Amino acid sequence: MSKITPVLMAGGSGTRLWPVSRKSFPKQFAPLIGEETLFQASAKRLSGAGYTDPIVMTNADFRFIVAEQLDQIGIAPGAIAIEPSGRNTAPAVLAAALMVAAEDPDRLLLVAPSDHVIPDAKAFAAAVEAGAKPALEGRIVTFGIAPDRPETGYGYLELAGQGEGPQPLARFVEKPDAARAAQMLDQGNFLWNAGIFLFSARAMIEAFRAHAPEYLDLVQAALDQARTDIGFLRLARDPWDKLPDNSIDYAVMEKADNLTVVRFSGRWSDLGGWDAVWREELGRHPSDEGVVADQNSTAIDCNDVLLRSDSDDLQVVGIGLRDVMVVATGDAVLVADKSRAQDVRQAVTALKKKNRKQAVAFPRDHRPWGWFETLALADRFQVKRIVVKPGAALSLQSHVHRSEHWIVVSGTARVTVDETVTLVTENQSIYVPLGAVHRMENPGKVPMVLIEVQTGSYLGEDDIIRYEDVYARDSKD
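- The chain appears in an unreviewed UniProt entry as mannose-1-phosphate guanylyltransferase from Paracoccus maritimus.
- Word for word, the UniProt comment on the chain under Catalytic activity (unreviewed entry) is "alpha-D-mannose 1-phosphate + GTP + H(+) = GDP-alpha-D-mannose + diphosphate".

### Regarding a nonpolar patch on the surface
- A cluster of nonpolar residues, Ile-300, Val-317 and Ile-319, forms a patch on the protein surface that exposes about 290 Å² of accessible area.
- Locating Val-317 in the fold gives a position in strand E15 (residues 316–319).

### Considering empty space enclosed by the protein
- Applying the stated criterion across every chain yields a total of 1 cavity of 30 Å³ or more.
- Each pocket or cavity is described by its volume, and for the largest cavity that value is around 30 Å³.
- Residue lining of the largest cavity: Ser-42, Arg-45, Leu-46, Ala-112, Pro-113, Ile-118, Phe-124 and Ile-196, and that is the complete set.
- Residue assignment for the lining of the largest cavity shows that the elements contributing at least two residues are helix H1 (38–45) and strand E4 (108–113).
- Per-class residue counts for the lining of the largest cavity are 6 nonpolar, 1 polar and 1 charged.

### Some points on the UniProt feature "domain: MannoseP isomerase/GMP-like beta-helix" (unreviewed entry) in the chain
- Under the local residue numbering, the UniProt record ascribes the feature "domain: MannoseP isomerase/GMP-like beta-helix" (unreviewed entry) to residues 298–351.
- Helix makes up 13% of residues 298–351 and strand 41%. Its end C-alpha atoms lie 28 Å apart.

### Let's talk about the packing of H1 against helix H2 (residues 63–72)
- At a minimum axis distance of 10 Å, the contact between H1 and H2 shows a crossing angle of 55°. As judged from the angle between their axes, H1 and H2 are oblique. Two packed elements cross with a definite hand, and for H1 against H2 that hand is right-handed. Residues Phe-39, Gln-40 and Ala-43 of H1 lie in contact with H2, whose contacting residues are Val-66, Gln-69, Leu-70 and Gln-72.

### A look at helix H6 (residues 201–211)
- All of the buried residues along H6 are Ala-201, Ala-203, Met-204, Ile-205, Ala-207 and Phe-208.
- Looking at the buried side of H6, the elements it contacts are helix H3 (89–101), E4, strand E5 (140–145), strand E8 (190–200), helix H7 (216–224) and helix H9 (248–253).

### Here's the deal with the environment of Val-335
- Inspection of the secondary structure puts Val-335 in strand E17 (residues 333–337).
- According to the relative accessible area criterion, Val-335 is exposed, its value standing at 60%.
- Placed 111 residues apart in sequence, Val-335 and Asp-224 show a C-alpha to C-alpha distance of 49 Å.
- If sequence neighbours within four positions are ignored, Val-335 has contacts with Val-324, Met-325 and Val-326.

### Focus on the pattern of salt bridges
- All chains considered together, the criterion is met by 28 salt bridges.
- A salt bridge links Arg-340 to Asp-343, with the shortest nitrogen-to-oxygen separation between them at 2.5 Å.
- By relative accessible area, Asp-343 is classed as partly exposed at 27%.
- In this structure, Lys-384 and Glu-461 form a salt bridge, with 2.5 Å as the shortest nitrogen-oxygen distance. Within this pair, whereas Lys-384 is found in strand E20 (residues 381–388), its partner Glu-461 is found in the loop between strand E27 (448–456) and strand E28 (465–468), the two being separated by 77 residues in sequence.
- The exposure class of Lys-384 is buried, given its relative accessible area of 3%.
- By relative accessible area, Glu-461 is classed as partly exposed at 34%.
- Through salt bridges that share partners, Asp-365, Arg-367, Lys-384 and Glu-461 make up one connected network.

Reading guide: rules and limits
Residues numbered from 1 in each chain as written. Predicted model: local features only at pLDDT ≥ 70, side-chain atom pairs only at ≥ 80, totals over all residues. Heavy atoms only, no water. UniProt positions renumbered as here; feature names shortened; annotations may be inferred. Patch = residues over 30% accessible without salt bridge, like charges linked within 9 Å, V, L, I, M, F, W, Y side chains within 5 Å. Areas by Shrake-Rupley, 256 points an atom, 1.4 Å probe, with all protein chains shown as cover. Salt bridge = Lys/Arg side-chain N within 4 Å of Asp/Glu carboxyl O. Helix = DSSP H or I, 4+ residues; strand = E, 2+ residues; numbered from the N terminus. 1 Å grid on protein atoms, 1.4 Å probe; cavity = no way out; pocket = protein on both sides within 12 Å on 5 of 7 lines; lining within 4 Å. Points joined across faces, edges and corners; volume = space filled by probe spheres on them. Nonpolar A, V, L, I, M, F, W, Y, C, P; charged D, E, K, R; others polar. Axes fitted to C-alpha atoms, helices over the stretch in contact; angles between N-to-C directions. Parallel < 35°, antiparallel > 145°, perpendicular 65-115°, else oblique. Left-handed = near helix turned anticlockwise from the far one by under 90°. Contact = heavy atoms within 4.5 Å. Buried < 20%, exposed > 50% of the residue type's maximum accessible area, 1.4 Å probe, protein only.

Structure representation (structure tokens):
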């Protein structure tokens with residue numbers, strides 16, 4: 001059997017895990033369980049002798065995060081495809097199938113979300129191996145999780161047969177109410193729908209041709225007109241934006257008659273809420289009291305609680321709590337009953353209505369050259385901490401409404417201001433006047449840290465004119 005091409009879906013926002021997961025930096029890129037991010041763990045799980053380099057489907061905001069996190073774990077991407085706009089999973093799956101079909105239409109693709117937790121990689125590999133034979137025969141294989149509780153937060157797969165081997169799919173079942181979920185658990189022939197699929201490129205293209213032909217020409221045009229952008233594949237916007245916004249389940253899977261289900265009985269979670277994080281952490285570190293508390297949290301006389309703080313400077317202490325979740329970041333704190341985990345997304349909606357930046361953005365803003373965070377912000381001034389990676393450079397730019405003062409804290413900065421280039425070392429500073437064309441670079445081998453003080457009438461991130469950028473960004477990117 002030829003190698004399988006993994007397709008990692010990495011474009012979601014994960015609002016149910018707010019405040020750690022936000023639009024600007026969603027849950028798949030955060031280390032929610034263990035030291036690695038969910039995306040990194042997924043990429044490692046789908047790597048090795050039986051796999052090609054992965055295809056990653058993402059958007060422009062996350063492309064550098066994807067590349068950096070893959071580089072950190074030593075995995076080279078086969079392609080990082082940038083979707084011009086969110087069109088759900090159907091166009092992304094078809095795009096990956098067409099990309100692979102151009103080389104080998106009979107090669108298998110394994111499409112998986114990049115934010116799931118599957119601790120037993122060997123057991124999952126065995127499930128994939130079990131699904132390979134029907135996939136090579138032209139079946140579309142989906143993986144169902146053996147349920148251990150009457151869960152109402154997942155869709156289900158109803159099996160047409162019994163046994164442990166691959167089974168025909170009878171039908172998809174929408175998220176049930178509690179009574180129906182308990183009934184399905186007792187019946188034994190219902191599995192959770194994990195949203196993981198194995199198929200040949202040819203089989204998926206034929207499935208679209210039969211059940212959703214309106215996608216084919218537009219996705220092919222988006223690929224034909226795609227352009228390479230410093231290692232990324234930017235799909236063409238015009239045809240992509242005309243595509244229907246639909247999931248692969250609704251567009252194809254629920255209409256296809258050649259689906260096979262492989263049962264996976266190992267531990268699995270889509271981390272669809274903080275209750276799932278609590279459950280997963282208890283599986284890794286059992287507690288008689290049901291307490292999950294990280295190094296920045298302390299539980300006193302608590303039962304069945306999750307206490308978490310992502311900041312060393314913010315200690316969370318719970319006293320006498322029952323069935324409560326407390327999750328703190330540097331700029332927001334969530335306190336909720338554990339039974340309301342699925343309602344956390346309402347917090348994001350409420351904060352958006354109040355125009356609060358915490359709804360979508362973090363204080364720390366990740367960029368391809370490093371990151372920055374705001375330390376102070378008031379009328380006509382802002383103070384930032386900026387960290388620039390070794391060898392990295394900000395764009396050659398100017399501002400219409402603000403001037404900047406840069407003080408180097410550690411490392412060395414090479415600073416261009418109009419025609420003058422200056423090396424600025426620790427405890428030295430430099431002034432960038434309003435309107436000056438300027439650039440900051442780190443020529444050293446260690447991260448460079450500086451404090452930036454902005455002054456002016458407008459301090460928004462969109463006050464920027466780029467003249468030259470090694471990362472091929474424009475003013476809106």
